[in-house]
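# A structural walkthrough
Chain residues, written in single-letter form:
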Amino acid sequence: MQTMTIIEDERLLGSELKRRFEREGWQVTLSETLADARHLIIDLGLTPTVVLSDMNLPDGNGLDFLEEVREAGVLGEWIFLSGYGTRRDIERAAELGALDFLAKPIDYHKLDLTIAAGARGARARQRIADSTETEARKFAPEAFIGTSPAAARVRAMLGQLAQVPISSVLLSGETGTGKGLAAKILHYSGPRSDGPFVDVNCAAFPKDLLESQLFGHESGAFTGARSRHRGLLEQADGGTLFLDEIGEMDLGLQSKLLKALEDQRFRRVGGEREIEVDVQLVAASNRDLRDLAAQERFRSDLYHRISVFEIPLPSLRERKEDIEPLVHALIRDFNAQAGKQVRTVPEAVWGALHAYHWPGNVRELRNVIERCVLLSSGAELPAEWLGLAQAAAPDPAATQAAGDWIRLPLDGSMALDEMDRFIIRTALERHDYNVMATARALGTTRETLRYRIQKYGLSAAEHRR
Ligand SMILES: Nc1ncnc2c1ncn2[C@@H]1O[C@H](COP(=O)(O)OP(=O)(O)OP(=O)(O)O)[C@@H](O)[C@H]1O
């Protein structure tokens with residue numbers, strides 16, 4: 001139900017307004033003094049959708065009270081009713097975010113329209129606040145699950161760094177260790193949670209496209225740039241830009257990024273005007289950036305700039321005690337999503353989960369548990385769908401790879417990701433680890449292939465000739 005607080009010391013007018021809006025379905029409280037309104041709104045935490053307030057009350061000024069209420073963080077649309085408001089009062093009301101300033105005697109038609117607009121605005125704001133709150137709850141540091149000392153360290157660092165205004169954080173770790181999750185925790189549990197969270201995978205774009213994605217472009221900046229485009233840096237203004245796989249970024253683009261980070265301003269591609277932004281950067285890499293910098297394959301000045309605060313995310317095989325809490329949380333999630341009833345995990349399954357080396361880390365664990373829960377038919381997590389042995393090394397009898405063909409089992413023993421990995425590895429072997437030729441054979445781009453090679457730890461770089 002919509003709630004309204006009326007602050008009015010003219011008793012007759014106050015009761016008339018109260019009756020009128022109660023008839024229209026509002027839940028109304030009436031205060032004749034600011035002290036009473038303060039008690040309701042600040043002390044008791046009443047959160048009215050709309051406040052109709054007189055300006056001059058026996059114990060103070062309505063504008064001062066609005067300022068006090070805003071400082072206490074209370075939202076709500078504020079409408080002033082006043083017999084005589086000076087220009088300065090009207091300006092101050094606007095500065096404090098009041099919705100309107102209506103003169104007495106009241107024009108009820110106008111008041112109804114203003115209140116309807118206020119209620120609409122309040123509902124929209126509430127929806128946004130609710131969704132931000134849900135994200136904030138979903139991405140609190142506790143969302144990084146694990147009872148190991150290493151997981152506790154990550155949670156503590158995320159909690160600490162989220163609270164301070166820092167311009168960049170580096171998340172390092174193997175694929176699937178939770179870098180994306182950590183980036184969201186930094187954003188949604190910090191002071192920027194109301195701002196945008198924009199993420200981009202640097203490995204997914206060729207160089208020129210990544211530049212215009214990040215910095216935007218003016219119309220006609222290059223062939224195909226028909227209209228002006230606001231880049232991701234601009235879109236992330238007031239929030240966080242998450243640059244995944246930053247190690248894949250071209251060196252020239254890295255220096256442009258470094259300059260933009262240092263100045264907090266940049267130009268769109270083909271643009272003259274400098275655009276100012278306030279962006280926090282969270283960068284992630286599953287490659288050792290220090291190593292890449294030593295080999296001059298990553299700019300060391302950019303590395304130093306982004307690695308002031310680095311959170312290394314441990315692999316799952318280094319903290320196997322976390323498998324248990326992760327499995328319980330994942331079962332809970334997938335039970336709820338799929339309406340399943342898995343309650344117990346047989347000892348043999350725990351044994352297999354602990355024995356496995358988890359090259360794809362938590363992402364791989366998540367896929368395995370998802371498959372088992374979805375295919376379950378009772379209270380026990382079924383062991384038959386684990387498919388862990390195949391994940392380590394696909395069964396040569398089940399998979400056949402010869403000539404231009406690959407044969408894969410479609411009996412649930414291999415997950416889609418495992419098939420993807422197997423196809424890429426086989427194609428790489430057949431093309432002597434030549435990335436260009438392999439990409440052509442798979443009908444994909446070099447960038448996409450490189451990304452998958454990284455993701456699956458196929459380390460073509462060591463073999464590339
Ligand atoms: N400690 C954790 N607690 C709960 N969920 C986790 C944890 N670590 C990872 N996950 C989940 O595992 C999945 C993979 O994690 P995420 O995408 O964050 O990994 P990543 O390190 O960014 O991988 P990549 O380098 O391949 O992009 C996500 O669904 C994420 O929510």
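Further up the page is the structure itself.
Rules of the game
Residues numbered from 1 in each chain as written. Predicted model: local features only at pLDDT ≥ 70, side-chain atom pairs only at ≥ 80, totals over all residues. Heavy atoms only, no water. Helix = DSSP H or I, 4+ residues; strand = E, 2+ residues; numbered from the N terminus. Buried < 20%, exposed > 50% of the residue type's maximum accessible area, 1.4 Å probe, protein only. Contact = heavy atoms within 4.5 Å. Polar contact = N/O pair within 3.5 Å; in protein donor to acceptor, adjacent residues only side chain to side chain. Lys, Arg positive; Asp, Glu negative; His and termini not counted. Salt bridge = Lys/Arg side-chain N within 4 Å of Asp/Glu carboxyl O. Pairing = 2+ DSSP bridges. Axes fitted to C-alpha atoms, helices over the stretch in contact; angles between N-to-C directions. Core = buried A, V, L, I, M, F, W, Y, C linked by side-chain atoms within 4.5 Å. Parallel < 35°, antiparallel > 145°, perpendicular 65-115°, else oblique. Left-handed = near helix turned anticlockwise from the far one by under 90°. Nonpolar A, V, L, I, M, F, W, Y, C, P; charged D, E, K, R; others polar. Near = heavy atom within 4 Å. Areas by Shrake-Rupley, 256 points an atom, 1.4 Å probe, with all protein chains shown as cover. Phe/Tyr/Trp six-rings, centres within 6.5 Å; stacked < 30°, edge-to-face > 60°. Lys NZ or Arg CZ within 6 Å of the ring centre and 35° of its normal.

Before going further, it helps to spend a moment on the environment of S315. Tracing the backbone shows S315 in the loop between β14 (310-312) and α13 (323-338). Assessed through its relative accessible area of 2%, S315 is described here as buried. As a C-alpha pair, S315 and G178 span 137 residues in sequence and 9.3 Å in three-dimensional space. Excluding residues that lie within four positions of it along the chain, S315 makes contacts with E174, T177 and N361. A polar atom in the side chain of S315 sits 2.8 Å from the side chain of E318.

Attention now goes to the side chain of E364. With respect to the helices and strands, the residue E364 is situated in helix α15 (residues 361-374). Buried charge without a partner: E364 forms no salt bridge, and the closest opposite charge is R421, 7.4 Å away. At a separation of 2.7 Å, a polar atom in the side chain of E364 contacts the main-chain amide nitrogen of G360.

One open sheet holds the 5 strands; their spatial order is β9-β10-β13-β8-β14, and the pairing between them is parallel. Edge positions in the sheet fall to β9 (197-201) and β14, since each of these pairs with one other strand and no more. Taken over all neighbouring pairs, the strand axes of this sheet differ in orientation by 15° on average, direction set aside. Where strand β8 (residues 168-172) meets strand β13 (residues 280-285), 5 bridges bridge the pair, whose relative direction is parallel. From the neighbouring strand, V169 faces β13, where its bridge partner is V282.

L241, L243, I246, M249 and I306 are the most contacted members of the largest nonpolar core, which has 32 residues in total. Mapped onto this core, the elements with two or more residues apiece are β9, α8 (207-215), α9 (232-235), β10 (240-244), α10 (251-263), β13, α11 (289-294) and α12 (300-306). Ignoring sequence-local partners within four residues, the contact set of I246 consists of C202, L257, A283, A284, S285, L289, F298 and I306. Residues I323, Y356, V368 and L381 belong to the second largest nonpolar core, which totals 23 residues.

Moving on: the packing of α13 against α15. Taken N-terminus to C-terminus, the directions of α13 and α15 make an angle of 45°; their axes are 9 Å apart at the nearest point. With respect to their mutual orientation, α13 and α15 come out oblique. Regarding α13 and α15, the two cross each other, and that crossing is right-handed. Contact with α13, carried on its side by I323, L326, V327, L330, I331, F334, N335 and A338, involves V362, L365, R366, I369, E370, V373 and L374 of α15 and no other residues of that element. In terms of residue class, the contact of α13 with α15 is made up of 12 nonpolar, 1 polar and 2 charged.

What follows deals with the pairing of β9. A regular strand places its side chains so that they alternate between the two faces of the sheet. With 4 of 5 residues buried, β9 is to be regarded as a mostly interior element. Note: β9 against β10, 5 bridges, orientation parallel. Paired with V200 across the bridge in β10 is L243.

So, on to the site of the ligand. Taken together, 18 residues lie near the ligand, and I145, T175, G176, K179 and G180 sit nearest. The backbone of I145 places a nitrogen or oxygen atom 2.9 Å from a nitrogen atom of the ligand. A distance of 3.2 Å separates an oxygen atom of the ligand from a polar side-chain atom of D244. Taking 630 Å² as the accessible area of the ligand by itself, protein coverage stands at 85%.

A separate point is the packing of aromatic side chains. Evaluated as defined, the whole model comprises 7 aromatic pairs. Measuring from ring centre to ring centre gives 4.7 Å for Y356 and W358, while their planes differ by 90°; the resulting arrangement is edge-to-face. Side by side, Y356 and W358 carry an identical accessibility label, which is buried. What links up through ring pairs into an aromatic cluster is the set F139, Y188, F197 and F242. A cation over a ring is seen here: R20 above F21, with NZ or CZ 5.8 Å from the ring centre.

This part takes up the pattern of salt bridges. Going through the model one piece at a time under the given rule, you end up with 27 salt bridges. One salt bridge connects R452 with D420, and the closest N-O pair in it is separated by 2.9 Å. Here the residue R452 occupies a position in helix α19 (residues 446-455), and D420 occupies one in helix α17 (residues 416-430), the gap between them amounting to 32 residues. Bridged by salt links that share partners, the residues E8, E10, D54 and K104 form one connected network.

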